[in-house]
Amino acid sequence: MKSKIVECFDYRTLDVEDHLRKWKIPDSEIREEMENLARDHSGETETEDGAKAEDCVSCVCTEASAANWKNRTVLLYPGRNLKGAQEAEKACLGKRPGDVFSCEIRGVQVTLAVKKVIRRKKVTVGPELFRILQLPGVSTEEDFARWYHEQHDEERRQKASYGIVSFWMQEMAKRSTFSIDEEEKKSWCRVRGEKMYISMLAAGYDMKKEERDGAPITEEEAIEKASSQQEQYFIPYLLYEYFSKKDGFTVSEEEYEKVLADEAKRVGLSLEEAHRQSDISMYRYVKYQEHAFLLLAEEAKTYLEV
């Protein structure tokens, strides 16, 4: 590219604020995760056992002193002492599906046939939860905390290091000296804008439906809008390319064509249609960004809290 970085600002001179250095998982997060898992593994199940307090007993009224009760489904919750249902709650204790019993509900004499006994299974943080989870080597809260750190610590450190790299990139974009070929920049943005318009149209979104002054915009206006949105990515692209090539990493036309052909086959597009929706500059942007972030992340990790 004709456009390039003339002098790259030295990001090492920047102070990294404390909030960017933090990455460690707090104990409160681990506790919350255990409680969420306990809730997820709690639930209701039908049982053939006799009804106990806190169960739900589903019955059908077979006989009643009030005509409008017959064939009605009646739900009883032994132990709750709901107004008007206290006698029925006591009467249903020990009853199993198929049992029939008589009681009074809100002054109405009824005969009820038990259809289902539903038991609430409440799991709390403790040995039962860890038996259900069957995590290797986890039988206590301390074991779970260790396992959780093993699963997430490196990811959190990497994410935090990317936050520092992002901060460095933002500052370098503002403080570095660039030589920008305006025609090249305009062409770069235009190509990406056209590809963005075509790919969004293929995905079912027509940018022409967006309005200006209360009226739909034209195709050219839609592409111009998409192109202008690409300007924000030009300087970052120069930075990503600078660090990647400085590290000896480049992206060739051959690599791009192979990846594009493989992706087209995967999603069921012809290679021609894939070319209509993509450009090598888009692929290079992603690959150079990935490489630059991975490269600087190793240095960024030295700034993280210990």
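Here we summarise the structure given alongside this text. (Residues numbered from 1 in each chain as written. Predicted model: local features only at pLDDT ≥ 70, side-chain atom pairs only at ≥ 80, totals over all residues. Heavy atoms only, no water.)

**Considerations on the nonpolar core**
Ranked by internal contacts, the top residues of the largest apolar core, which has 39 residues, are Ile164, Val165, Trp168, Met169, Met172, Phe243 and Leu296. Looking at this core, the elements with two or more residues in it are helix H5 (141-175), helix H6 (182-202), helix H8 (234-246), helix H9 (253-267) and helix H11 (280-300). Not counting chain neighbours up to four residues away, the residues in contact with methionine 169 comprise Leu239, Tyr240, Phe243, Ala292, Phe293 and Leu296. Ranked by size, the runner-up nonpolar core spans 17 residues in total, among them Cys59, Trp69, Leu112 and Val114. (Core = buried A, V, L, I, M, F, W, Y, C linked by side-chain atoms within 4.5 Å. Buried < 20%, exposed > 50% of the residue type's maximum accessible area, 1.4 Å probe, protein only. Helix = DSSP H or I, 4+ residues; strand = E, 2+ residues; numbered from the N terminus. Contact = heavy atoms within 4.5 Å.)

**So, the pattern of salt bridges**
For the structure shown, the criterion picks out 26 salt bridges. A cluster of three or more residues bridged by salt bridges with shared partners is formed by Glu154, Arg157, Glu298 and Lys301. (Salt bridge = Lys/Arg side-chain N within 4 Å of Asp/Glu carboxyl O.)

**Topic: unusual backbone geometry**
The backbone of glutamate 54 sits at a positive phi, close to 80°, despite the residue not being glycine. Relative to the assigned elements, glutamate 54 resides in the loop between strand E2 (43-46) and strand E3 (56-64). Judged by relative accessible area, glutamate 54 falls into the exposed class, the value being 70%. Of note in this structure, asparagine 81 is not a glycine but carries a positive phi near 55°. With respect to the element layout, asparagine 81 can be found in the loop between strand E4 (73-76) and helix H3 (86-91).

**Looking at the environment of tyrosine 205**
Looking at where tyrosine 205 falls in the secondary structure, it is placed in the loop between H6 and strand E8 (211-212). Of the residues examined, tyrosine 205 reaches a relative accessible area of 39% and is grouped as partly exposed. Along the chain, tyrosine 205 and serine 3 lie 202 residues apart, while their C-alpha atoms are 33 Å from each other. The contacts of tyrosine 205, once residues within four sequence positions are left out, are Met200 and Glu210. Here glutamate 210 takes part through its side chain, which lies 2.9 Å from a polar atom of the side chain of tyrosine 205. (Polar contact = N/O pair within 3.5 Å; in protein donor to acceptor, adjacent residues only side chain to side chain.)

**Here we look at the packing of aromatic side chains**
Counted by the stated rule, this structure contains 17 aromatic pairs. With centroids separated by 5.5 Å and ring planes inclined at 45°, the aromatic side chains of tryptophan 188 and tyrosine 237 adopt a geometry described as tilted. Residue tryptophan 188 is found in helix H6, and its partner tyrosine 237 is found in helix H8; the two are separated by 49 residues along the sequence. A centroid spacing of 5.8 Å and a plane angle of 45° characterise the contact between tyrosine 256 and tyrosine 283, whose relative ring orientation is tilted. Of this pair, tyrosine 256 sits in helix H9 while tyrosine 283 sits in helix H11, and the two are 27 residues apart along the sequence. Each member of the pair, tyrosine 256 as well as tyrosine 283, is classed as buried. One aromatic cluster is present, formed by Tyr162, Trp188, Tyr233, Phe234, Tyr237, Tyr240, Phe249, Tyr285, Tyr288 and Phe293 through successive ring pairs. The ring of tyrosine 77 has arginine 80 lying over it, and the distance from NZ or CZ to the ring centre is 4.3 Å. Across the ring face of tyrosine 285, the terminal group of arginine 192 is positioned such that the distance to the ring centre comes to 5.2 Å. (Phe/Tyr/Trp six-rings, centres within 6.5 Å; stacked < 30°, edge-to-face > 60°. Lys NZ or Arg CZ within 6 Å of the ring centre and 35° of its normal.)

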